[in-house]
Amino acid sequence: PYVAILLVVACLGIFGWEMWENDLRFESTEINPFYGPSADVLLRLGAKRQEEIVVQGQYWRLLTANFLHGGVVHIVMNLLGLYGLAAGAEKAHGHFAVALVFITSGYFSFMISTIFTPDIIAVGASGSIFGLLGSLYGHILQNWNQLEGPCCQ
């Protein structure tokens, strides 16, 4: 599962960069209950917020926010789901398709988030993870009769 491993390593490396930019310290739990960097650091590194995307034209944030995480709790939960789903999706769909689903799902989830929660600073791979989950559900439904033991026996 090369893409799954690559995505996990990328998210971990970028989280390390976030903490570096936050002077290698966690913010207090009153500021960030996920044990991570400040909102200012996340915004500087590419978090989603409508003002930056729409008013300032920083559309790249719709991609970069996928790889940023709010803290240790957030990244651990996301990466557990990401690796499990991406590895399975890679077996079903291949490397390129998994990368494409991850990127496009994340992009469009942050686009929808920008529309419906404009003032909220958002980061994380949850939209991409749900995109991978949807691709696996689609695979199961489309290939139900060909899958060996599709349900518990």
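The shown structure was predicted, so the numbers you read here are calculated from the model rather than taken from an experiment. (Residues numbered from 1 in each chain as written. Predicted model: local features only at pLDDT ≥ 70, side-chain atom pairs only at ≥ 80, totals over all residues. Heavy atoms only, no water.)

### Some thoughts on the packing of aromatic side chains
All told, the structure shown has two aromatic pairs when counted by the stated rule. Each ring, one from F67 and one from F102, has its centre 5.6 Å from the other, and the planes form 50°; the classification is tilted. A residue pair is termed long-range when its members are at least 10 positions apart, and F67 in the loop between α4 (61-64) and α5 (72-93) and F102 in helix α6 (residues 95-116) qualify at 35 residues. For F102, a relative accessible area of 1% gives the class buried. (Phe/Tyr/Trp six-rings, centres within 6.5 Å; stacked < 30°, edge-to-face > 60°. Helix = DSSP H or I, 4+ residues; strand = E, 2+ residues; numbered from the N terminus. Buried < 20%, exposed > 50% of the residue type's maximum accessible area, 1.4 Å probe, protein only.)

### Focus: a nonpolar patch on the surface
A cluster of nonpolar side chains, contributed by F26, F34, Y35, V72, V73, V76, M77 and L80, occupies part of the molecular surface with about 760 Å² of accessible area. You can see M77 is positioned in helix α5. With a relative accessible area of 56%, M77 lands in the exposed category. (Patch = residues over 30% accessible without salt bridge, like charges linked within 9 Å, V, L, I, M, F, W, Y side chains within 5 Å. Areas by Shrake-Rupley, 256 points an atom, 1.4 Å probe, with all protein chains shown as cover. Salt bridge = Lys/Arg side-chain N within 4 Å of Asp/Glu carboxyl O.)

### Quick word on the layout of surface pockets
Its volume calculated, the largest pocket comes out at about 210 Å³. N32, L42, G70, I121 and V123 are the residues nearest the centre of the largest pocket, which is lined by 13 residues in total. Split into classes, the residues belonging to the lining of the largest pocket amount to nine nonpolar, four polar and no charged. (1 Å grid on protein atoms, 1.4 Å probe; cavity = no way out; pocket = protein on both sides within 12 Å on 5 of 7 lines; lining within 4 Å. Points joined across faces, edges and corners; volume = space filled by probe spheres on them. Nonpolar A, V, L, I, M, F, W, Y, C, P; charged D, E, K, R; others polar.)

### As for the pattern of salt bridges
Inspection of every chain in the model, using the stated rule, returns three salt bridges. Note that E21 and R44 form a salt bridge whose closest N and O atoms lie 3.3 Å from each other. Of this pair, E21 sits in helix α1 (residues 2-21) while R44 sits in helix α2 (residues 39-45), placing them 23 residues apart in sequence. Look at E21 and you get partly exposed, because its relative accessible area is 29%. Residues R25 and E27 are paired through a salt bridge, measuring 2.8 Å at the closest nitrogen-oxygen approach. On the accessibility criterion, R25 (41% relative accessible area) is partly exposed.

### Overview of the packing of α5 against α6
Each pair of packed helices gets described by two things: the angle between the helix axes and the distance between those axes. Contact geometry of α5 with α6 gives a least axis separation of 7 Å together with a crossing angle of 135°. Considering the angle they form, α5 stands oblique to α6. Crossing handedness for the pair α5 and α6: right-handed. Of α6, the residues touching α5 (which contributes L82, A86, A89, E90 and H93) are H95, A97, V98 and F102. Tallied by class, the residues present in the contact of α5 with α6 amount to six nonpolar, two polar and one charged. (Axes fitted to C-alpha atoms, helices over the stretch in contact; angles between N-to-C directions. Parallel < 35°, antiparallel > 145°, perpendicular 65-115°, else oblique. Left-handed = near helix turned anticlockwise from the far one by under 90°. Contact = heavy atoms within 4.5 Å.)

### Quick word on the environment of A86
With respect to the helices, strands and loops of the structure, A86 is situated in helix α5. With relative accessibility at 0%, the residue A86 sits in the buried group. Along the backbone, A86 and V3 are 83 residues apart, and their C-alpha atoms lie at a distance of 7.5 Å. Setting aside chain neighbours within four positions, we find A86 in contact with A4, V98 and L132.

Remember that the coordinates give geometry; whether it matters functionally is a separate question.
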